[in-house]
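Here's the letter readout for the chains.
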Amino acid sequence: QRLRAEAQLIAETLELRPEVWEDSQQAKDFISDISQDVPDRVYLISRTGNLIVTGQAGEIDPTEASIDPQGIDTALSGIPSVQVSYGVVRQNVHVYIPVKNLDQQLVGIIALSGSIEDVAQQFNRIRIYILFVMLIELVLGGLIGLLLANRLGRPIHQVSDAVVDIAHGERRQPVPETGPQELRDLSAAVNYLSFQLAEMEETRRRMLANIVHELGRPLAAILSAVHVLRQGAGDDAVVREELLAGIQDEVTRMQPLLDDLAQLHGQVLGNVELKLQLVSLSDWLPPVLLPWRTSALDKGIYWQVDIPKDMPQVRIDPGRMAQVTGNLLSN
C-alpha cells in the first residue's frame, strides 16, 4: 500500500512533465531529485516497455534493474499491477502504475521496487512471541494439569484404599465426600457399602449367637435325658416314655430352626426355589396354627383362632409360608 501510494504520487507528478519521457537526461535528473524522498528503487519504463532509467537513493544504474515483464504488460494495458517475488534471501514487491498525459494517453510506466525484509523480520518476531507464549501456556497448562491431577487423585486414592480395606475386612472411617460430583457420589457409595457390610457382619454375629443359644438349650435337654436313660432310668417304662417324649419334643422344636438355617444357606448361595401352588387359606391355616396352640397355652397366653370359611385362594409356597407364620407366632 505504501509503494502504491508513492508510485501513484510520482505518476501524478509525471503527468505534468511529459519531457521526462522524451529526454533521458531529464529522466535521470527527475530520478535523482525524488531519490532523496523515495527510499525504494524507481523505474521509468517507456510506453513500448523499454527501461528508460532506474535509480535508488541517488544511485542510477540501469544494469541493476529487476522488473517483471508480466507486471509491465499489465500496466501497458492501463491497469495498475503489484507483483511480489519470494527469494531465498530477499523478498521484493514491485508496483507498476501506468502514467497518462492530459489527453489520457499512455506515455509510460512508473515502477517502484521495495524489499519486504522489514515485514519478514516482523513476522519472525511474531513467531518468536508466539513460540514464547506457547511455551508459557505449556508450562502453565502442565502446572494446572498437575494441580488438577493431584486434586482428583487424592480422593480417588482414598476411595481405592477404602475399598482395599473393606476387601480385607478392616474397619475404616468413612471416606470424605469431597471433590467433583462424580467422586462425591463414588465416596458416598463406598461409605454406604462399608456401612451395609458392617451391618451384615453385626447381623451375622447376632444370628450365630442366636443359633448357638437356640441349639444349645434343646441339646442340653436331650443330653440330660440321654444321661438319665443311661443311668438306669430306662428300666421304668413310664419314665423312659416320658424321657423319650421329651427328646422328641425338643427335636421337633429344633426342626423350624434347621429349616431357617437351610433357607438362609440357600439365600446365600442364591439357589432358593419356591414351589408355588394355589392354596385355599381357609383349609391351609388351621393345621399350620394348631402346633402353636399348646405352646401358647403352656405360657398362659389366651389363644383364639377365627378363620373365615370364604378366604380366597393364593399362589404361595406352603412350606415356606408355614415357616413365616411359625416365626411370627413364635415371636
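Values in this document were obtained by computation on a predicted structure and should not be read as measured data.

A. Inspection of the pattern of salt bridges at higher detail. Scanning the model with the defined rule gives three salt bridges in all. E6 is paired through a salt bridge with R2; the nearest N and O atoms lie 3.1 Å apart. Of this pair, E6 and R2 both sit in helix α1 (residues 2–15), four residues apart, which is roughly one turn of the helix. For E19, the salt bridge goes to R17, with nearest N and O atoms at 3.4 Å. The class for E19 is partly exposed, based on a relative accessible area of 29%. Here R17 falls in the partly exposed class, since its relative accessible area comes to 29%.

B. Spatial organisation of the confidence of the model for the protein. On average, the protein scores 78 in pLDDT, and the residues at 70 or more come to 84%. Contacts of residues 57–65 to residues separated by more than four positions or lying in other chains number 18 contacts, the stretch itself having pLDDT below 50.

C. Structural view of the sheet that holds strand β1 (residues 41–46). Spatial strand order, β2-β1-β5-β4-β3: five strands in an open sheet with antiparallel pairing. Each edge of the open sheet carries a strand with a single partner, namely β2 (51–55) and β3 (81–86). Taken over all neighbouring pairs, the strand axes of this sheet differ in orientation by 15 degrees on average, direction set aside. Here six bridges tie β3 to strand β4 (residues 91–100), and the two strands are oriented antiparallel to one another.

D. Focus on the pairing of β2. For β1 and β2, the ladder comprises four bridges, and the chain directions are antiparallel. Note that in β2 the partner of Y43 across the bridge is T54. Taking the residues that link successive antiparallel strands as the turn, the β1-β2 hairpin has four residues, and the phi of G49 there is positive, at about 90 degrees.

E. Expanded view of a negative patch on the surface. Taken together, E22, D23, D29 and D33 make up a surface patch of like negative charges. Locating D33 in the fold gives a position in helix α3 (residues 24–34).

F. Representation of the side chain of N191. For N191, the location among the structural elements is in helix α6 (residues 181–230). Accessibility expressed as a relative area gives 16% for N191, which makes it buried. Residues within four places of N191 in sequence aside, it is in contact with P174, V175 and E177.

G. Fine view of the environment of L183. Position of L183 among the secondary structure elements: in helix α6. Placed 27 residues apart in sequence, L183 and I156 show a C-alpha to C-alpha distance of 7.3 Å. Residues contacting L183, with those up to four places away along its chain left out, are L152, P155, I156 and T178.

H. Main features of the pairing of β1. Counting buried positions along β1 yields six of six residues, so the element is predominantly enclosed. Covered by surrounding structure in β1 are R41, Y43 and I45 together with V42, L44 and S46, the residues of both alternating faces.

I. Geometry of the nonpolar core. Among the nonpolar cores identified, the biggest contains 22 residues, and I10, L14, F30, L44, I110 and L112 are the most heavily contacted of them. For this core, the element with the most residues is α1, which contributes five residues. Every residue in contact with I110, bar those within four places of it in the chain, is listed here: A7, I10, A11, L14, W21, V42, Y43, L44, V95, Y96, I97 and V99. Membership of the second largest hydrophobic core comes to eight residues, among which are V279, L285, V288 and I307.

Conventions and cut-offs
- Counting restarts for each chain: residues are numbered from 1 in the order of the written sequence.
- The predicted origin of the model limits local features to residues at a pLDDT of at least 70 and limits the giving and counting of side-chain atom pairs to 80 or more, whereas totals for whole chains, interfaces and linings rest on all residues.
- With hydrogens and water excluded, all non-hydrogen atoms of the structure serve as input to the side-chain values.
- Definition used for salt bridges: Asp or Glu carboxyl oxygen within 4 Å of a side-chain nitrogen of Lys or Arg.
- Numbering of helices and strands starts at the N terminus; helices are DSSP runs of H or I of at least 4 residues and strands are runs of E of at least 2.
- Partly exposed describes any residue whose relative accessible area lies between the buried limit of under 20% and the exposed limit of over 50%, with all areas from a 1.4 Å probe on protein chains only and scaled to the type maximum.
- The quantity known as pLDDT measures the predictor's confidence residue by residue, on a range of 0 to 100.
- Residues are treated as being in contact if the distance between any of their heavy atoms lies within 4.5 Å.
- Here, strands pair whenever DSSP counts at least two bridges between them.
- Throughout, an axis means a line fitted to C-alpha atoms (over the contacting stretch in the case of helices), and angles, computed between N-to-C directions, take values from 0 to 180 degrees.
- Patch membership is restricted to residues that have no salt bridge and whose relative accessible area is over 30%. Joining uses 9 Å for like charges and 5 Å for the nonpolar side chains Val, Leu, Ile, Met, Phe, Trp and Tyr.
- Note that accessible areas follow from Shrake-Rupley with a 1.4 Å probe, and for residues the cover is restricted to the protein chains shown.
- Neither His nor the chain termini are counted; the positive set is Lys and Arg, and the negative set is Asp and Glu.
- Here the site of a charge means atom NZ of a Lys, CZ of an Arg, CG of an Asp or CD of a Glu.
- Residues grouped as a nonpolar core are buried Ala, Val, Leu, Ile, Met, Phe, Trp, Tyr and Cys residues, joined through side-chain atoms within 4.5 Å.

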